[in-house]
Amino acid sequence: MFELDNVSVSYKDALALKDISIRIEEGEKVALIGPSGSGKTTLLYTLYELEKNYSAFVHQNYALVPQLSVFHNVYIGRLDNHKTAYNLLNLLKPQQKEVEQIVPILEALGMEVFLNKRVGTLSGGQQQRTAIARAIFRKSNIIFADEPVSSIDPHQAGAILELITQRKKTVILSLHAVDLALEFAERIVGLHFGHIVFDLPVSKVSDSLLSRLYQS
Ligand code: ADP
Ligand code: MG
């Protein structure tokens, strides 16, 4: 489903990914881990580019429209499934059919009370959950998520990762919380200085591998 073969990615002068080869099959739950700057975000974007139209992406900075309500931001996840006229109608007056599908997703995230709230007035954690709701609402079985629970209370983060992994078939995320990666992913990819240093099923990831990954 996703395959990179000796791919390197650089920004101006800096090489962010060096000779990366990776293959991800439909239905896999993969976590990218590694120190800050190791290339997690770059690898997520590079994979996402391969199936952009069929994937949802939760950006680390949420990429929401602050002037619009939670409803409208979530609805954006399906803009490309409808004609422009219907999208405009829905912008003016949320259509019952859409509200009925969006509310249960917000309920699962503890966000239903904010349905009509402007996103710019919400906290970081609430905005992050709005971005997750939009990705879940999107008609796609593939989700990419870049540190999707970084602004969410630790005691809620697990429930949200569980929701993501239940609602989407193929899940590729970056996480800085290694314990969450080990709990919710089936496969762990360890990145360091733009290299994949290990790519293993979660049962094979040892404490010593992890401590070596985070040594600078
Ligand atoms: P991570 O998500 O693991 O923190 P990134 O993929 O964001 O890593 O970054 C990998 C490397 O690429 C880092 O050295 C980072 O400084 C560099 N980098 C990332 N984005 C940019 C950018 N827009 N311009 C220049 N360098 C960048
Ligand atoms: Mg990153």
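Conventions we followed
- Residues numbered from 1 in each chain as written.
- Chains lettered and ligands numbered in written order.
- Predicted model: local features only at pLDDT ≥ 70, side-chain atom pairs only at ≥ 80, totals over all residues.
- Heavy atoms only, no water.
- Helix = DSSP H or I, 4+ residues; strand = E, 2+ residues; numbered from the N terminus.
- Rg over C-alpha atoms; globule rule 2.2 N^0.38 Å.
- Contact = heavy atoms within 4.5 Å.
- Areas by Shrake-Rupley, 256 points an atom, 1.4 Å probe, with all protein chains shown as cover.
- Buried < 20%, exposed > 50% of the residue type's maximum accessible area, 1.4 Å probe, protein only.
- Expected span 1.5 Å × (residues − 1).
- Near = heavy atom within 4 Å.
- Polar contact = N/O pair within 3.5 Å; in protein donor to acceptor, adjacent residues only side chain to side chain.
- Pairing = 2+ DSSP bridges.
- Axes fitted to C-alpha atoms, helices over the stretch in contact; angles between N-to-C directions.

A. Spotlight on the overall build of the protein. Counting its secondary structure elements, the protein contains eight helices and eight strands. Here the protein has a C-alpha radius of gyration of 18 Å; the compact-globule value for 216 residues is 17 Å, and the two agree. C-alpha extents for the protein along the principal axes are approximately 55 × 35 × 30 Å. Counting contacts in the protein only where the partners sit at least 6 residues apart, residues at least 24 apart contribute 64% of the total. With an accessible surface of roughly 10,700 Å², the protein has 51% of that area assigned to carbon and sulfur atoms.

B. Representation of unusual backbone geometry in the model. Backbone geometry at Tyr-62 places phi at a positive 75°, although glycine is not the residue there. Mapped onto the elements, Tyr-62 comes out in the loop between strand S4 (55-58) and helix H2 (70-75). The exposure class of Tyr-62 is buried, given its relative accessible area of 12%. Positive phi outside glycine occurs at Ala-63, with the angle close to 55°. Topologically, Ala-63 is positioned in the loop between S4 and H2.

C. Helix H4 (residues 96-108), seen in detail. Its 13 residues place the ends of H4 19 Å apart at the C-alpha level, agreeing with the 18 Å of an ideal helix rising 1.5 Å per residue. Those residues of H4 lying buried are Glu-98, Val-99, Ile-102, Ile-105 and Leu-106. On its buried face, H4 sits against H2, helix H3 (84-92), helix H5 (124-137) and helix H6 (154-167). Immediately downstream of H4, the backbone of Gly-110 shows phi near 65°, a positive value.

D. Highlighting the site of ligand 1. By nearness alone, every residue bordering ligand 1 is listed as Tyr-11, Ala-16, Pro-35, Ser-36, Gly-37, Ser-38, Gly-39, Lys-40, Thr-41 and Thr-42. The backbone of Ser-38 places a nitrogen or oxygen atom 3.2 Å from an oxygen atom of ligand 1. Gly-39 places a main-chain nitrogen or oxygen 3.0 Å from an oxygen atom of ligand 1. Calculation on ligand 1 without its partners gives an accessible area of 560 Å², and the protein chains cover 56% of this total.

E. Region of the structure containing the sheet that holds strand S8 (residues 195-201). Reading across the sheet, the six strands line up as S4-S5-S6-S3-S7-S8 and stay open at both edges, with mixed pairing between neighbours. Among the strands making up the open sheet, the edge pair consists of S4 and S8. Here the strands of the sheet are splayed against their neighbours by 15° on average, with no regard to which way each runs. The pairing of strand S7 (residues 187-192) with S8 spans six bridges and is antiparallel. The residue of S8 that forms the bridge with Ile-188 is Leu-200. This element, helix H8 (residues 207-214), spans strand S3 (29-33), S7 and S8 of the sheet and lies at about 160° to S8.

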